[in-house]
Number of protein chains: 6
Amino acid sequence: MNNLLQKPRKVYVSRKIEFNAAHRLFNPLCTEHENVEIYGKCSNINGHGHNYLLEITLSGIVDQKTGFLFDLKELKNILEEEIIGRFDHKHLNHDVPELQDCVPTTEVLAVLIWDILEQRLQTTTNNQELALHEVTIYETGKNSVRYLGE
Amino acid sequence: MNNLLQKPRKVYVSRKIEFNAAHRLFNPLCTEHENVEIYGKCSNINGHGHNYLLEITLSGIVDQKTGFLFDLKELKNILEEEIIGRFDHKHLNHDVPELQDCVPTTEVLAVLIWDILEQRLQTTTNNQELALHEVTIYETGKNSVRYLGE
Amino acid sequence: MNNLLQKPRKVYVSRKIEFNAAHRLFNPLCTEHENVEIYGKCSNINGHGHNYLLEITLSGIVDQKTGFLFDLKELKNILEEEIIGRFDHKHLNHDVPELQDCVPTTEVLAVLIWDILEQRLQTTTNNQELALHEVTIYETGKNSVRYLGE
Amino acid sequence: MNNLLQKPRKVYVSRKIEFNAAHRLFNPLCTEHENVEIYGKCSNINGHGHNYLLEITLSGIVDQKTGFLFDLKELKNILEEEIIGRFDHKHLNHDVPELQDCVPTTEVLAVLIWDILEQRLQTTTNNQELALHEVTIYETGKNSVRYLGE
Amino acid sequence: MNNLLQKPRKVYVSRKIEFNAAHRLFNPLCTEHENVEIYGKCSNINGHGHNYLLEITLSGIVDQKTGFLFDLKELKNILEEEIIGRFDHKHLNHDVPELQDCVPTTEVLAVLIWDILEQRLQTTTNNQELALHEVTIYETGKNSVRYLGE
Amino acid sequence: MNNLLQKPRKVYVSRKIEFNAAHRLFNPLCTEHENVEIYGKCSNINGHGHNYLLEITLSGIVDQKTGFLFDLKELKNILEEEIIGRFDHKHLNHDVPELQDCVPTTEVLAVLIWDILEQRLQTTTNNQELALHEVTIYETGKNSVRYLGE
């Protein structure tokens, strides 16, 4: 079976999920005036929100028996626990302990999600080849941030 | 010119805009328990948020001279003032006076936006034929509400 | 609360779900030649498939207390049971009893889904105003069918 | 076969096609100054262009034998001839005779496409129930015009 | 002409096409129980299906005379023959000889399409710089697999 | 603040903008016949047009104080001046001096936009780490070209 996989094939598998959250861009170490200059209306005191679209990409060698890189049901469970449970229908500034000392920009969010998922994957799989390759977040349809662990 | 318009032609012209806002679904006249039962995680105390996509539809007879139903530059200004200025980068529960005594569901938001735009259009144009036809809001890519003034 | 709802407001609430299914367009009462003439490559003997995107629209008066037309958690459960359970990851010709004597075109599918959901909603709610308004199915990004119960 | 179709079912079938065209909004009966006031940068002398997305909707009773409203292969041919052949990779002001005495706004384009397709369908089918229901054109992702023949 | 191309410019040109196919995830070398554990409802005996969206990316130096990387009409013909002809409106398990000894996962499909197109391009062009760069398949809007020939 | 940024994090930030333009693919150094052979209907004398969707990607280290890679308000201004001002509602062959000696293919457009933005960014920022990473243009939903400055 899967004779196309007799030589190792490295693929990149991506999955998108969405979470809806509020945030406020505000650095308490800066003055009110500086915050407005840096963050504009994103620093409004009561916050605003987004439908964040997250795309996770794993890389590695396709398994000869299953034809999968990774069990998507397991990936779904991981994303449910680590991402939906932590960020969905939350206020990023108030409800996410990992962001307590951060300004929750999309850049910072991408870095945090990378750190969370990379650690989780290491404890999940013995597959030495499997790696987290990329985390991309679309804050809106126009703006996105990618982080590759560099 | 515009010989296709010699007989009156009734068209529907739609324009989409987006605003990013936070909200919390919570009815202070209900108990905490009832709120959770009705609104689930949408009632989380610090709120969450969305990229709201709004589509406004006007109806009326195409103008024989311009070939337009309505000046899109003027519509853009109206939406900038009435919608972006009021809702974008705001917390719907705290920053929008018109929603003070409301649970800011998508249904309620559609009704409010209709009321605001219908009044504004009446004071803007003498064109008896021009009418606000429909307000549609997509809270996410999956959920939307339409209101036609009924 | 919800003073915008003091007069009754009729809204249309839509929700999209997706199911992935195989089908074959083939009418056993026609000759092989006729089937190819009518259905072309859609009549290939082993079938093909689609990511069907379904949009359900309900209409009715917004509830003054909740600000909702209908409990979306309940709608989600209904769609899970009636649509996902029946059609997702199935072969429409072989696995869906209700389609046994049908050619599973998108038109027929829209009509069947209307019949299923209208009956289910009648047994679910006492709200006289609430009605199924529209069933739309996108077979591909280019082709869609709407049915309004007429 | 098709026992769901034993009672007549009225459906709406839509198909999307795209064409890429240039145009200039300019009314020769107006002064240069008036044109700029009405059309702004859309009146630039050398024209600009769009990927026009057109959605055609037909309505009628589903055929009991085929399960189709209308043969999509035939619709595809009609749209190829009447729409792609006439508008795709053309300059609407210079290359489309039917638009010679028109300002090619999206409103005017919707009306023209309705007139073309309604006449063509009348000469194509004996099905008394089949009707052109709606022509929608998206000039951009944000702006669209619908015409229903009123 | 094309003075911007006086120094060599390496670009990546992508084209998307769609094909609609049925498949079943099932490995005959595993027990029924193992298949359900690995593939869940994707192993349903009659199969299911998808609108597969395929994006092909070529890389190379832009041609100084034409301003093109590769003749898109020729690419369209190649994709029509190699992809649409082989996969569209087919059952991947039964109708595609190259997949006879494979479980037709998206990973395997990406690898197969790479192998097919790379061989075809080598026999098509003398352009030493032109290369197949990437094959991406979206099985649904949420799941995709990329293969770069590694 | 921003303790996640204590070690340097290299991110990729992308922003999409759209411009609507006309163009004609025609090389005056070739015969009429050659032009038709190379460019087909894209060489129609009066031109045609597109809604060009442009995605710009910057790369660099996230700023520890702001949590941003680059001030998006400044990026917006740059794109407004360099891209919208130059290309939007223009005819690429006639209205853009930089394209005077070019066939305005998507490949050439991607290269030109890279050259314009790379020069502009060098004069805008002292941040040694910040770099233009990628320019992608979608001419239609199906065709796109990426240029990375190679």
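Since this is a predicted model, take the numbers as computed values, not measurements.

A. A look at the pattern of salt bridges. For the structure on display, the rule yields 54 salt bridges over all chains. When the shortest N-O distance is used, the salt bridge between Glu82 of chain A and Arg86 of chain A registers 2.4 Å. With a gap of four residues between them, Glu82 of chain A and Arg86 of chain A both fall in helix 2 (residues 72-87), about one helical turn apart. On the basis of relative accessibility, which here comes to 13%, the residue Glu82 of chain A falls in the buried class. For the salt bridge of Lys65 of chain E with Glu34 of chain F, the shortest nitrogen-to-oxygen distance reads 3.4 Å. Here the residue Lys65 of chain E occupies a position in the loop between strand 2 (48-61) and helix 2 (72-87), and Glu34 of chain F occupies one in helix 1 (residues 32-39), the pair thus bridging two chains. Looking at Glu34 of chain F, the relative accessible area reads 28%, which means it is partly exposed. Taken together, the shared-partner salt bridges in this structure form one network comprising Glu81, Glu82, Arg86, Glu98 and Arg120 of chain A.

B. Here's a closer look at the layout of surface pockets. Here the second largest pocket defines a volume of roughly 490 Å³. Lining the second largest pocket are 28 residues; nearest its centre among them are Asn46, His91 and His94 of chain A together with Asn46 and His91 of chain B. Every element with two or more residues in the lining of the second largest pocket is listed here: helix 3 (92-95) of chain A together with helix 3 (92-95) of chain B. A per-element tally of the lining of the second largest pocket places helix 3 of chain B first, with three residues. Tallied by class, the residues present in the lining of the second largest pocket amount to 15 nonpolar, eleven polar and two charged.

C. Broad picture of the packing of aromatic side chains. On inspection of all chains with the given rule, the structure shows 24 aromatic pairs over all chains. With a centroid separation of 5.3 Å and 25° between ring planes, the pair formed by Phe19 of chain E and Phe87 of chain E is classed as stacked. Highlighted residues: Phe19 of chain E in strand 1 (residues 10-23) and Phe87 of chain E in helix 2, separated in sequence by 68 residues. Judged by relative accessible area, Phe19 of chain E falls into the buried class, the value being 0%. Phe87 of chain E sits in the buried class, given a relative accessible area of 0%. Put simply, the rings of Phe19, Tyr52 and Phe87 of chain A touch in pairs and so form one group of aromatic residues. Cation over ring: Arg24 of chain A sits above Phe26 of chain A, and NZ or CZ is 3.9 Å from the ring centre.

D. Molecular detail of empty space enclosed by the protein. All names here are of chain C. Across all of its chains, the model carries one cavity of 30 Å³ or more by this definition. Within this model, the largest cavity holds a volume of roughly 30 Å³. Broken down by secondary-structure element, the contributors of at least two residues to the lining of the largest cavity are strand 2 (48-61), helix 2 (72-87) and helix 4 (106-124). Among the elements that make up the lining of the largest cavity, the one with the highest residue count is helix 2 (three residues).

E. Quick look at a positive patch on the surface. Judged by side-chain charge, Lys76 of chain A, Lys142 of chain B, Lys76 of chain C together with Lys142 of chain E come together as a positively charged surface patch. Structurally, the position occupied by Lys76 of chain A is in helix 2. For Lys76 of chain A, a relative accessible area of 46% translates into the label partly exposed.

F. Inspection of unusual backbone geometry at higher detail. Even without being glycine, His89 of chain D reaches a positive phi, approximately 60°. Along the chain, His89 of chain D turns up in the loop between helix 2 (72-87) and strand 3 (90-91).

G. Inspection of the relation of the copies chain E and chain A at higher detail. Aligned on chain A, chain E shows an RMSD of 0.0 Å; the corresponding rotation is 120° and the shift along the axis is 0.0 Å. Classification of the inter-copy transformation places it as that of a three-fold axis. The rotation axis passes nearest to the C-alpha of Gly141 of chain E in chain E, at a distance of 8.6 Å.

H. Representation of the state of the cysteines within the structure. For the structure shown, the criterion picks out zero disulfides over all chains. Cys102 of chain B supplies the cysteine sulfur nearest to Cys30 of chain B, a cysteine that is in no disulfide, at a spacing of 14 Å.

I. Local environment of the interface of chain E and chain A. The interface is formed by 31 residues belonging to chain E together with 26 residues belonging to chain A. Together, the buried faces of chain E and chain A total about 2400 Å²; carbon and sulfur atoms form 52% of this surface. Together, Glu107, Arg146 and Glu150 of chain E form the three largest contributors to the area buried by chain E at its contact with chain A, with a combined 24%. Our enumeration of links across chain E and chain A arrives at three salt bridges. The tally of links from chain E across to chain A stands at 18 residue pairs in polar contact (both at pLDDT 80 or more). Among the elements of the structure, helix 1 (32-39), helix 4 (106-124) and strand 5 (143-147) of chain E are those that each provide at least two residues to the side of chain E that touches chain A. Partitioned by chemical class, the residues of the side of chain E that touches chain A number 16 nonpolar, six polar and nine charged. The pairing of strand 1 (residues 10-23) of chain A with strand 5 of chain E spans five bridges and is antiparallel. What sits directly across from Arg15 of chain A, in strand 5 of chain E, is Asn143 of chain E.

J. Spatial organisation of the pairing of strand 1 (residues 10-23) of chain D. Residue and element names in this part refer to chain D. With eleven of 14 residues buried, strand 1 is to be regarded as a mostly interior element. Of the strand pairs in this sheet, strand 1 and strand 2 (residues 48-61) are connected by 14 bridges, and their pairing is antiparallel. Among the inter-strand pairings, Arg15 is bridged to a residue of strand 2, identified as Ile56.

K. Molecular detail of the packing of helix 2 (residues 72-87) of chain F against helix 4 (residues 106-124) of chain F. Residue and element names in this part refer to chain F. It is at 11 Å that the axes of helix 2 and helix 4 come closest, and there the two elements cross at 140°. On the basis of the axis angle, helix 2 is oblique to helix 4. Remark: the crossing between helix 2 and helix 4 carries right-handed chirality. The segment helix 2 lies against helix 4, with Glu74, Ile78, Leu79, Glu81, Glu82, Ile83, Arg86 and Phe87 engaging Leu109, Leu112, Ile113, Ile116, Leu117, Arg120, Leu121 and Thr124.

L. A look at the arrangement of the chains. In this structure chain D stays clear of chain E, and the shortest span between their C-alpha atoms is 15 Å. Between chain B and chain F there is no contact, and the shortest C-alpha to C-alpha distance separating them is 15 Å.

M. Representation of helix 1 (residues 32-39) of chain A in the model. Those residues of helix 1 of chain A that fall on the buried side of the exposure criterion are Asn35, Ile38 and Tyr39 of chain A. Seen along its axis, helix 1 of chain A keeps its buried residues to an arc of 75°; they face one direction. In helix 1 of chain A, the exposed positions angled more than 90 degrees off the buried face are occupied by His33 and Glu37 of chain A. Next to the buried residues of helix 1 of chain A lie helix 2 of chain F. Backbone geometry just after helix 1 of chain A places Gly40 of chain A at a positive phi near 55°.

N. Examining the confidence of the model for chain A more closely. Averaged over all residues, the pLDDT of chain A equals 95, while 99% of them reach at least 70. Two numbers describe this predicted complex: its pTM, 0.96, and its ipTM, 0.95.

O. The arrangement of the side chain of Glu82 of chain D in detail. In terms of polar contacts, Glu82 of chain D uses its side chain to reach the side chain of Arg120 of chain D, at 2.8 Å. Contacts of Glu82 of chain D, omitting those with residues within four sequence positions, involve Phe87, Ile116, Leu117 and Arg120 of chain D.

So, how was this worked out
Residues numbered from 1 in each chain as written. Chains lettered and ligands numbered in written order. Predicted model: local features only at pLDDT ≥ 70, side-chain atom pairs only at ≥ 80, totals over all residues. Heavy atoms only, no water. Salt bridge = Lys/Arg side-chain N within 4 Å of Asp/Glu carboxyl O. Helix = DSSP H or I, 4+ residues; strand = E, 2+ residues; numbered from the N terminus. Buried < 20%, exposed > 50% of the residue type's maximum accessible area, 1.4 Å probe, protein only. 1 Å grid on protein atoms, 1.4 Å probe; cavity = no way out; pocket = protein on both sides within 12 Å on 5 of 7 lines; lining within 4 Å. Points joined across faces, edges and corners; volume = space filled by probe spheres on them. Nonpolar A, V, L, I, M, F, W, Y, C, P; charged D, E, K, R; others polar. Phe/Tyr/Trp six-rings, centres within 6.5 Å; stacked < 30°, edge-to-face > 60°. Lys NZ or Arg CZ within 6 Å of the ring centre and 35° of its normal. Patch = residues over 30% accessible without salt bridge, like charges linked within 9 Å, V, L, I, M, F, W, Y side chains within 5 Å. Areas by Shrake-Rupley, 256 points an atom, 1.4 Å probe, with all protein chains shown as cover. Lys, Arg positive; Asp, Glu negative; His and termini not counted. Charge placed at Lys NZ, Arg CZ, Asp CG, Glu CD. Least-squares fit on C-alpha atoms with pLDDT ≥ 70 in both. Disulfide = S-S within 2.5 Å. Contact = heavy atoms within 4.5 Å. Buried area = accessible area lost by both parts, 1.4 Å probe. Polar contact = N/O pair within 3.5 Å; in protein donor to acceptor, adjacent residues only side chain to side chain. Pairing = 2+ DSSP bridges. Axes fitted to C-alpha atoms, helices over the stretch in contact; angles between N-to-C directions. Parallel < 35°, antiparallel > 145°, perpendicular 65-115°, else oblique. Left-handed = near helix turned anticlockwise from the far one by under 90°. Arc of directions from axis to C-beta. pLDDT = per-residue confidence, 0-100.

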